[in-house]
Amino acid sequence: MTRTARPRHYLMCRPTHFEVSYAINPWMDPAKPVDTALAVAQWERLYELYVELGHRVDLIDPLPGLPDMVYAANGATVVDGRVLGARFRNAERAAEGPAYLEWFRARGFTTLDPVHVNEGEGDLLLTDRYLLAGRGFRSVSAGHAEAQEFLGRPVIGLDLVDPRFYHLDTALSVLDGEQIMYYPGAFSAGSRAVLRRLFPDAVLVGEEDAEAFGLNVAGDGLNVVIPEPATGVAARLRAHGYRPIGMDLSELLKGGGSVKCCTLEIREAV
Ligand SMILES: CN(C)C(=N)NCCC[C@H](N)C(=O)O
């Protein structure tokens, strides 16, 4: 199958203040040392790769005291130029929502400051037809309803059941249009049945690749940027006509995030 790359518009946040000073997911261990300079260098390679691939990348200023702000995907959800702000479950990240929302407000986007918890594109992933919405660990069903009402896309709620895969974007990725890739073990039996029904041609990934954050990827329809250790995902993607590009984001993995987490997609009004 012929795949076509389409330039994307991303928002990223340099990990200037990155550290692991608290633990809100099973990957985080404040006792393990973090090399912030290495995190910045790895992040910069990701930024440069996006620019080389022809994507537009805007930057938001990192704020001291918000080490997880590098995970820009959690900062908002942007569809048709409408920006649904994030409301975080954990107090440690609460100030990130308003910071991201202000960035969009200052640039003239239509914004909504949400009432209910949703952790941006960490849990809300857009296909051509649906807004796939994770819940169970962070975002809640009322947050999904708020997303549907504001963004005008039908929400499909999906129950996450494995704490290692606490955000939807650790367990599922949208590769292009209606093509998704996911790790079935991260979902409840009912949600697996929903996914099979809606996406019979999905690419399925095993536990080892999911654990290597192989579903936390950013694609443009042809190129798919993936964490380097997810070699099984690379092979699956190649077999489906995509061009996987591996990146080393080992330091950012210590906070429980990888490629997709660092990448918020800005979908302008058409
Ligand atoms: C792929 N994932 C999980 C993300 N979209 N974001 C990473 C958030 C990491 C942060 N320490 C937290 O636990 O919230």
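Summary of the structure given here.

Basis of the calculations
- Residues numbered from 1 in each chain as written.
- Predicted model: local features only at pLDDT ≥ 70, side-chain atom pairs only at ≥ 80, totals over all residues.
- Heavy atoms only, no water.
- Near = heavy atom within 4 Å.
- Polar contact = N/O pair within 3.5 Å; in protein donor to acceptor, adjacent residues only side chain to side chain.
- Areas by Shrake-Rupley, 256 points an atom, 1.4 Å probe, with all protein chains shown as cover.
- Nonpolar A, V, L, I, M, F, W, Y, C, P; charged D, E, K, R; others polar.
- Salt bridge = Lys/Arg side-chain N within 4 Å of Asp/Glu carboxyl O.
- Helix = DSSP H or I, 4+ residues; strand = E, 2+ residues; numbered from the N terminus.
- Buried < 20%, exposed > 50% of the residue type's maximum accessible area, 1.4 Å probe, protein only.
- Phe/Tyr/Trp six-rings, centres within 6.5 Å; stacked < 30°, edge-to-face > 60°.
- Pairing = 2+ DSSP bridges.

Surrounding the ligand, one finds 17 residues, the nearest of these being Asn25, Arg93, Asp169, Gly255 and Cys261. Contact distances for the ligand include 2.7 Å between a nitrogen atom and a backbone N or O atom of glycine 255. A total of 390 Å² of accessible area belongs to the ligand in isolation, and the protein chains cover 100% of it. Of the residues in the shell around the ligand, the class split is five nonpolar, eight polar and four charged.

Moving on: the pattern of salt bridges. With the rule as written, the count across this model stands at 17 salt bridges. Here aspartate 80 makes a salt bridge to arginine 153, at a shortest N to O gap of 3.2 Å. Pair noted here: aspartate 80 is in the loop between strand E3 (76-79) and strand E4 (82-85) and arginine 153 is in the loop between helix H3 (141-151) and strand E8 (155-159), with a separation of 73 residues, a long-range link. We classify arginine 153 as buried; its relative accessible area is 19%. Among the salt bridges present, the one from lysine 254 reaches glutamate 251, with a minimum N-O distance of 3.0 Å.

Once that is clear, we can look at the packing of aromatic side chains. Tallying each qualifying case throughout the model produces nine aromatic pairs. Here the aromatic rings of phenylalanine 18 and tyrosine 71 are separated by 6.3 Å at their centres, their planes lie at 85°, and the arrangement is edge-to-face. In this pair, phenylalanine 18 is assigned in the loop between strand E1 (9-12) and helix H1 (36-52) and tyrosine 71 in the loop between strand E2 (56-59) and E3, connecting sequence segments 53 residues apart. Residue classification places phenylalanine 18 among the buried residues on the basis of a relative accessible area of 2%. According to the relative accessible area criterion, tyrosine 71 is buried, its value standing at 3%. Where phenylalanine 165 meets tyrosine 183, the ring centres are 5.4 Å apart and the plane angle is 70°; that geometry is what we call edge-to-face. Of the two residues, phenylalanine 165 is situated in the loop between E8 and strand E9 (172-176) and tyrosine 183 in the loop between strand E10 (179-182) and helix H4 (189-198); the sequence distance between them amounts to 18 residues.

Right, let's get into the sheet that holds E9. Here three strands make up an open sheet; going across it, the order is E9-E10-E11 and the pairing mixed. The sheet is open, and its two borders are formed by E9 and strand E11 (203-204), each paired with just one other strand. Where E9 and E10 come together, four bridges link them in antiparallel fashion. When the bridges of E10 are listed, serine 173 appears paired with methionine 181.

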